[in-house]
Number of protein chains: 2
Amino acid sequence: MNELRQGLTHLIEESEFEALLARGTSLRVKAGFDPTAPDLHLGHAVLLNKLRQFQDAGHTVVLIVGDATAAIGDPTGRNQLRPPLTKEQIEENAATYTTQAFKILDRSKTVVRNNSTWFDEFKFSDVVRMMSKFTLSQINTRDDFRKRAAECTPVYMHELLYPMMQAYDSFREGVDIELGGSDQFYNLMMGRMYMDERGEKPQIIATVPLLVGLDGVKKMSKSLGNHIALTDAPFEMFSKVMSISDETMVNWREILFPRKESWHPQAMTAKKDLAWRIVFWLHDEAKADAAEKEWMRIFSRKENPSDIEMVQVDLGYRLDKLIHKVGLASSVSEAGRLIKAGAVEVNGCKALDFTISDKELTVRVGRKWMKISALN
Amino acid sequence: MNELRQGLTHLIEESEFEALLARGTSLRVKAGFDPTAPDLHLGHAVLLNKLRQFQDAGHTVVLIVGDATAAIGDPTGRNQLRPPLTKEQIEENAATYTTQAFKILDRSKTVVRNNSTWFDEFKFSDVVRMMSKFTLSQINTRDDFRKRAAECTPVYMHELLYPMMQAYDSFREGVDIELGGSDQFYNLMMGRMYMDERGEKPQIIATVPLLVGLDGVKKMSKSLGNHIALTDAPFEMFSKVMSISDETMVNWREILFPRKESWHPQAMTAKKDLAWRIVFWLHDEAKADAAEKEWMRIFSRKENPSDIEMVQVDLGYRLDKLIHKVGLASSVSEAGRLIKAGAVEVNGCKALDFTISDKELTVRVGRKWMKISALN
């Protein structure tokens with residue numbers, strides 16, 4: 001099977017795709033992103049990886065910076081309206097985004113286009129003409145809109161523009177194929193349909209699977225905080241991978257390394273292997289080795305010890321300050337770094353922020369445990 | 001009861017309306033129309049009459065020429081997409097429309113605004129901002145859209161802009177009250193809601209009843225051909241009124257002359273009175289008298305005579321030519337005029353066009369009957 005076909009969730013239509021590849025010419029492969037958040041994460045890397053495969057096969061990636069669409073926000077999977085961003089936020093996010101994307105993409109085979117270039121030129125009549133190619137029932141059949149209607153969460157009319165704009169981008173750039181996450185299926189199909197309506201060869205659409213977040217339940221997303229950022233430091237990245245469940249590990253390695261067929265049968269060893277590969281991929285070998293070594297130093301003893309030191313302190317501290325105060329970290333900032341890396345457990349659960357609400361805490365940092373109770 | 005309140009189908013809210021009138025200042029009373037068809041008819045006259053009442057009470061009419069909206073077409077009551085008009089057609093229709101409207105409106109108390117003035121200046125971001133004030137459920141609850149969905153007739157996305165644009169017009173012109181036909185209730189309410197969303201005093205909305213057409217069933221409309229145009233000649237107008245059913249007559253006189261309480265108990269006499277009043281209103285007294293006189297001359301004998309002359313002719317004629325050929329009219333154009341005025345019956349039914357499909361016809365023109373059969 002062709003490598004480009006591998007690991008795709010949707011491919012519409014397969015026969016068209018094969019015919020296009022058989023032509024042997026360089027294709028225009030589109031992917032769009034919204035500069036709504038500055039940091040790319042491991043979930044984006046799945047898509048970027050696939051795009052890179054296309055580049056390595058000689059094709060061109062058309063990267064659409066949705067600076068016009070970002071002002072609206074993609075309603076996909078949303079259960080409420082996304083707050084609009086300012087022009088400055090959008091520009092800043094877009095710059096960070098492309099810099100990060102080129103950690104994976106081949107810059108020499110990438111064309112970057114801001115869709116504000118054409119949408120800023122739109123007059124009212126252009127909007128009318130664009131909208132006239134879509135029907136209300138195409139919109140109403142959308143799952144996410146129906147869900148919101150059922151939950152009495154309003155869908156605002158301008159949100160309906162989003163998929164139409166994304167479709168227009170494809171037409172405007174004359175792309176051969178558009179790639180996205182599997183939740184983008186609907187938006188991608190609109191592009192395919194729109195190009196057909198405008199008398200152009202309809203784009204092929206292909207989606208890649210969505211990566212679940214560190215929690216193993218929800219889609220990885222910066223706004224949920226369950227993500228590994230492409231800019232995370234090696235140790236942080238390594239620790240976060242080590243914190244995922246065995247089930248999530250299986251999901252991740254299938255999506256991230258579909259070509260590697262055999263993994264170590266022991267979960268802990270396999271997970272370390274996965275963590276190493278991710279750090280190696282997004283940083284380099286030396287950093288992957290160093291991250292693993294540091295993680296081993298801190299976390300190699302896993303059992304809950306029976307003899308836990310107990311201290312009484314004033315609990316009016318944030319968790320990072322508290323950890324430093326009781327001697328579990330050498331400084332407040334070191335404590336903060338450990339919490340961020342998922343290396344701190346409070347009452348058996350990973351600490352997610354700096355807030356403390358209990359009167360008695362069992363805190364674990366690496367191999368060190370401590371029972372803390374309130375003074376008063 | 002206040003005369004301005006009389007004959008309205010909806011008034012939202014009555015208390016606001018009364019408070020506004022009690023202020024004693026001149027109000028801005030909006031009515032919009034689409035220059036989609038050049039001729040105004042008796043149905044429009046109901047609304048224009050009400051607007052004139054407001055003018056006579058010292059208020060200003062803001063007449064919105066929907067030259068931007070006309071490019072879309074009001075989806076109200078439509079069961080299919082309206083074909084878009086060219087800029088030239090729209091301009092021509094608008095000019096004819098206002099000329100005709102001033103047969104009833106007081107020009108010195110009317111402000112005319114083309115909504116292209118603002119919509120032509122709209123950028124994409126302005127459309128987004130406008131749309132963001134409306135929700136999909138407000139649109140989905142519309143009867144006409146639901147009906148179309150049920151009939152599998154697509155609603156195109158750009159049609160959804162229509163009520164939003166109409167609402168924006170009200171905001172833009174800062175109107176106090178908007179008037180329309182009762183089928184405009186939904187669009188008018190959108191304007192009220194939009195002004196509220198934008199932090200303005202929401203417009204009051206008031207609707208006038210719809211006049212049924214000559215057929216007594218459907219709303220009067222030029223495109224259905226069941227209308228009396230404001231530009232119809234006196235005799236044509238008189239004859240058309242005389243052709244309506246007694247039931248339609250009651251409907252018309254209640255809507256057109258709500259203040260006249262007693263009518264002649266005999267239907268034919270009352271109908272002649274109504275016809276005379278309409279011609280008097282839209283032309284003048286002398287023309288109303290003349291039209292009645294001519295109608296009486298042609299139509300005073302109503303019974304179907306027992307001795308009908310029979311002729312055999314080649315039926316390869318249009319109805320107007322045939323009528324002239326058999327001597328029922330002095331010329332082809334006279335015959336055409338009579339058909340247009342509803343004065344010709346074929347096989348007991350009013351002739352609506354010039355086509356003939358039967359092999360045997362009984363034709364009545366005024367008091368003259370004739371049986372015609374094909375030669376071959």
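This text gives an overview of the structure that appears in the document.

The rules we used
Residues numbered from 1 in each chain as written. Chains lettered and ligands numbered in written order. Predicted model: local features only at pLDDT ≥ 70, side-chain atom pairs only at ≥ 80, totals over all residues. Heavy atoms only, no water. Salt bridge = Lys/Arg side-chain N within 4 Å of Asp/Glu carboxyl O. Helix = DSSP H or I, 4+ residues; strand = E, 2+ residues; numbered from the N terminus. Expected span 1.5 Å × (residues − 1). Buried < 20%, exposed > 50% of the residue type's maximum accessible area, 1.4 Å probe, protein only. Pairing = 2+ DSSP bridges. Axes fitted to C-alpha atoms, helices over the stretch in contact; angles between N-to-C directions. Contact = heavy atoms within 4.5 Å. Parallel < 35°, antiparallel > 145°, perpendicular 65-115°, else oblique. Left-handed = near helix turned anticlockwise from the far one by under 90°. Buried area = accessible area lost by both parts, 1.4 Å probe. Polar contact = N/O pair within 3.5 Å; in protein donor to acceptor, adjacent residues only side chain to side chain. Nonpolar A, V, L, I, M, F, W, Y, C, P; charged D, E, K, R; others polar.

## Considering the pattern of salt bridges
A side chain of one charge can pair with a side chain of the opposite charge when the charged atoms of the two come close.
Residues and elements named next belong to chain A.
Alright, step 1. This model, assessed by the stated rule, comprises 32 salt bridges over all chains.
Alright, step 2. Among the ionic pairs, Lys240 bridges to Glu236, the shortest N-O distance being 3.7 Å. Of the two residues, Lys240 and Glu236 both sit in helix H10 (residues 234-242), four residues apart, roughly one turn of that helix.
Alright, step 3. Through salt bridges with shared partners, a single network forms among Arg28, Arg113 and Glu173.

## Overview of helix H8 (residues 161-173) of chain A
Residue and element names in this part refer to chain A.
Alright, step 1. Over its 13 residues, H8 extends 18 Å from the first C-alpha to the last, a length consistent with the 18 Å expected when each residue adds 1.5 Å.
Alright, step 2. Of all 13 residues in H8, twelve are buried, a share of seventy percent or more.
Alright, step 3. When H8 is considered as a whole, its buried residues turn out to be Leu161, Tyr162, Pro163, Met164, Met165, Gln166, Ala167, Tyr168, Asp169, Ser170, Phe171 and Glu173.

## A short note on the sheet that holds strand E11 (residues 368-374) of chain A
Alright, step 1. What the five strands build is an open sheet, ordered E7-E11-E10-E8-E9 (chain A); its pairing is mixed. What marks the edges here is a single partner per strand, and that holds for strand E7 (309-313) and strand E9 (349-350) of chain A.

## Digging into the pairing of E11 of chain A
Residues and elements named next belong to chain A.
Alright, step 1. A large share of E11 lies buried, amounting to five of its seven residues.
Alright, step 2. Alignment of E7 against E11, held across five bridges, turns out to be parallel. If you follow Val313 over to E11, its bridge partner there is Ala374.
Alright, step 3. The sheet contact formed by strand E10 (residues 360-365) and E11 spans six bridges and is antiparallel.

## A short note on the sheet that holds strand E2 (residues 28-33) of chain A
Residues and elements named next belong to chain A.
Alright, step 1. Across the sheet, which stays open at both edges, the six strands sit in the order E1-E6-E5-E2-E3-E4 with mixed pairing between neighbours. Two strands in the sheet have a free side with no partner beyond their single neighbour: strand E1 (10-12) and strand E4 (110-114). Each strand axis lies, on average, 20 degrees off the axis of its neighbour in the sheet, ignoring direction.
Alright, step 2. Sitting on the sheet, helix H2 (residues 42-56) touches E2, strand E3 (60-65), E4, strand E5 (177-181) and strand E6 (204-208), and the angle it makes with E5 is about 155 degrees.

## Topic: the packing of helix H12 (residues 267-282) of chain B against helix H13 (residues 285-299) of chain B
Working note: a packed helix pair is described by the angle between its axes plus the distance between those axes.
Residues and elements named next belong to chain B.
Alright, step 1. For the pair H12 and H13, interaxial distance at closest approach is 8 Å and the crossing angle is 140 degrees. Between H12 and H13, the angle is such that the two are oblique. At the point where H12 passes H13, the crossing takes the right-handed sense. Only Glu285, Lys287, Ala288, Asp289, Glu292, Trp295 and Met296 of H13 make contact with H12, whose side of the interface consists of Met268, Lys272, Trp276, Val279 and Phe280.

## Section: the interface of chain A and chain B
Alright, step 1. Contacts between the two partners involve 25 residues from chain A and, on the opposite side, 25 residues from chain B.
Alright, step 2. Here chain A meets chain B over a buried area of about 2300 Å², counting both sides, of which 80% is carbon and sulfur.
Alright, step 3. Broken down residue by residue, the surface that chain A buries against chain B is led by Phe124, Leu136 and Met157 of chain A, which jointly contribute 35%.
Alright, step 4. Summed over the shared surface of chain A and chain B, the result is zero salt bridges.
Alright, step 5. At the surface where chain A touches chain B, the tally comes to four residue pairs in polar contact (both at pLDDT 80 or more).
Alright, step 6. Looking at the side of chain A that touches chain B, the elements that each hand over two or more residues are helix H5 (124-131), helix H6 (136-140) and H8 of chain A.
Alright, step 7. Considering each element in turn, the side of chain A that touches chain B owes the most residues, five residues, to H5 of chain A.
Alright, step 8. Of the residues that constitute the side of chain A that touches chain B, the class distribution is 20 nonpolar, four polar and one charged.

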